[in-house]
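Descriptive structure summary
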Amino acid sequence: MPEVAAGATEVVLSEWLVVEGAEASAGEPVAVVETDKATVEVESDASGVLLRALVSPGAVVAVGAPMALVGARADVGEEDRLLAELGVEASAPEQPAAPRRDLPAEEAESPTPEAAEVPTAPDPVETPSSTAPRRIFISPLARKLLKQAGLGPEDVRGTGPHGRITRRDADAAIAAHREAPAPTAPAPAPSSAPEVAGEREPHTRLRRAVAARLTQSKRDVPHFYLKRTALIDDLLAFRAQVNAHAPVKISVNDLVVRAVGLAHVAVPEVNAIWTEDATVRLPSVDVAVAVASERGLVTPVVRDVQDRTLTSISSAVRDLATRADAGRLQQSELEGGSITVTNLGMYGVEEFAAIINPPQSCILAVGAGRQAPVVRDGELAVATQLGLVLSVDHRVIDGALAARWLGALVELLEQPVRLVV
């Protein structure tokens, strides 16, 4: 298993894209794995025949561990000998059925209960006993269903061949678990914390990763905050004019992303990140956009914002958000840049301060546009105001520099024609 993400020590194998006995070319995707933040395609290092898959879908694989045996067509039938010569355990799980390319991912995984129970991908699990470990065989779909219900293979009695746990067994165990009365918990010891009542939802890998990164950021990164208000009546009128002719609709957030990119061009010292031995000045302006996907919070990156049109930025953000919901973002699309734009204005939030996403040095929190009284040339008027809060890493950027950058951003938003010239 290659290191598909910086610092990753293990991944979860989602599916094989090549069946046993099929040929794969060097650079061709052969498997899909999940990291803490994204779904990544693993490419073959060399051309050859996939002789045997050593890992079943749903299994956790350590980086550097063998996941498949690839060889020549003449090696078919010699898998056990080759594995023995390589010092790899020969009793590997069989290759699961190939995914149906003509079906959506959900249907390809399990079009019917019968298809989900085809005994082609046993997933052995060892459980402790008083004598020797007992191998439990379970289909990948059954394992997934049990995990979602908070159960384990050891809680289920399999009715398939050799005691294999099928989807039917998993469904029966889940139903019995839900109908069973909750056990009475023993009284806690005086020194222990009280048990919190309520429905328990196990943390996902993505939620754990987000929690760890934000906790580290708030603890280790010296944040400071700058607030400005931009008057955006001209920006809203400009957006209406653009949308009357643009092939895709431009949002206020797209305009903000473009303005952030140009502010980085105007004040390039802000386009930098902190490392242990140096401050790194980035060569291009890449802007991350916070996306509240169905799988959790992710921050995919729009590349080269300084050279993109508004239509290109809008299309890129839409594509990244769609693939974030589907869990199909590549790890490389979640890395890079020195700043993130996070927008809660669509929820009516007027102002908030966000936590920096390491190793970036800034995050811009955008609130809702609202009409409010302003004074212009000594006269009282009404204008649409946009609240902006910039969170800054003081190790990289000083207050005066951050203030210059925020001033440049406000000027761009209040003079929107500069976003296209």
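For the structure itself, look to the data block above.
In short, a report on the structure. Everything quoted here is computed from the prediction, not taken from an experiment.

With respect to the side chain of Gln385
If you trace the backbone, Gln385 turns up in strand E19 (residues 379-393). Setting aside its immediate chain neighbours within four residues, Gln385 contacts Thr229, Ala230, Leu231, Ala368, Gly369, Arg370, Ala372, Pro373 and Val374.

Quick look at the packing of helix H8 (residues 252-266) against helix H10 (residues 399-414)
Two numbers describe how H8 lies on H10: the axes approach to 9 Å, and their chain directions differ by 135°. With respect to each other, H8 and H10 are oriented oblique. In the packing of H8 onto H10, the handedness of the crossing is right-handed. Along its contact with H8, which presents Leu255, Val256, Ala259, Val260, Leu262, Ala263, His264 and Ala266, the element H10 presents Trp405, Ala408, Leu409, Leu412 and Leu413. Across the contact of H8 with H10, the residue classes break down as twelve nonpolar, one polar and no charged.

Quick word on the side chain of Thr299
Residue placement: Thr299 occurs in the loop between strand E15 (296-298) and strand E16 (301-302). The class of Thr299 is buried, set by a relative accessible area of 11%. Polar contacts involving the side chain of Thr299 include one to the side chain of Asn357, which spans 3.0 Å. Once you skip the residues sitting within four places of it in the chain, Thr299 turns out to touch Ala288, Val289, Ala290, Glu333, Leu334, Thr340 and Asn357.

Things to note about the sheet that holds strand E7 (residues 68-71)
The antiparallel open sheet is built from three strands, whose spatial order is E2-E5-E7. Whereas interior strands pair on both sides, the edge strands pair on one side only; in this sheet they are strand E2 (23-24) and E7. The pairing of E2 with strand E5 (residues 48-53) spans two bridges and is classified as antiparallel. Looking at E5, one finds that Ala24 is bridged to Gly48. Each of E5 and E7 touches helix H1 (residues 79-86); the most contacted strand, E5, lies at about 85° to it.

Focus on the nonpolar core
Judged by nonpolar contacts, the single largest core of 56 residues is most densely connected at Val260, Leu364, Leu388, Leu390, Trp405, Leu409 and Leu413. Broken down by element, this core gets its largest block of residues, nine residues, from H10. Setting aside chain neighbours within four positions, we find Leu388 in contact with Leu226, Lys227, Arg228, Ala230, Leu364, Ala365, Val366, Leu409, Val410 and Leu413. The next biggest cluster of nonpolar side chains, apart from the first, holds 23 residues, and it includes Val33, Leu51, Leu69 and Leu82.

Calculation criteria
- Residues numbered from 1 in each chain as written.
- Predicted model: local features only at pLDDT ≥ 70, side-chain atom pairs only at ≥ 80, totals over all residues.
- Heavy atoms only, no water.
- Helix = DSSP H or I, 4+ residues; strand = E, 2+ residues; numbered from the N terminus.
- Contact = heavy atoms within 4.5 Å.
- Axes fitted to C-alpha atoms, helices over the stretch in contact; angles between N-to-C directions.
- Parallel < 35°, antiparallel > 145°, perpendicular 65-115°, else oblique.
- Left-handed = near helix turned anticlockwise from the far one by under 90°.
- Nonpolar A, V, L, I, M, F, W, Y, C, P; charged D, E, K, R; others polar.
- Buried < 20%, exposed > 50% of the residue type's maximum accessible area, 1.4 Å probe, protein only.
- Polar contact = N/O pair within 3.5 Å; in protein donor to acceptor, adjacent residues only side chain to side chain.
- Pairing = 2+ DSSP bridges.
- Core = buried A, V, L, I, M, F, W, Y, C linked by side-chain atoms within 4.5 Å.

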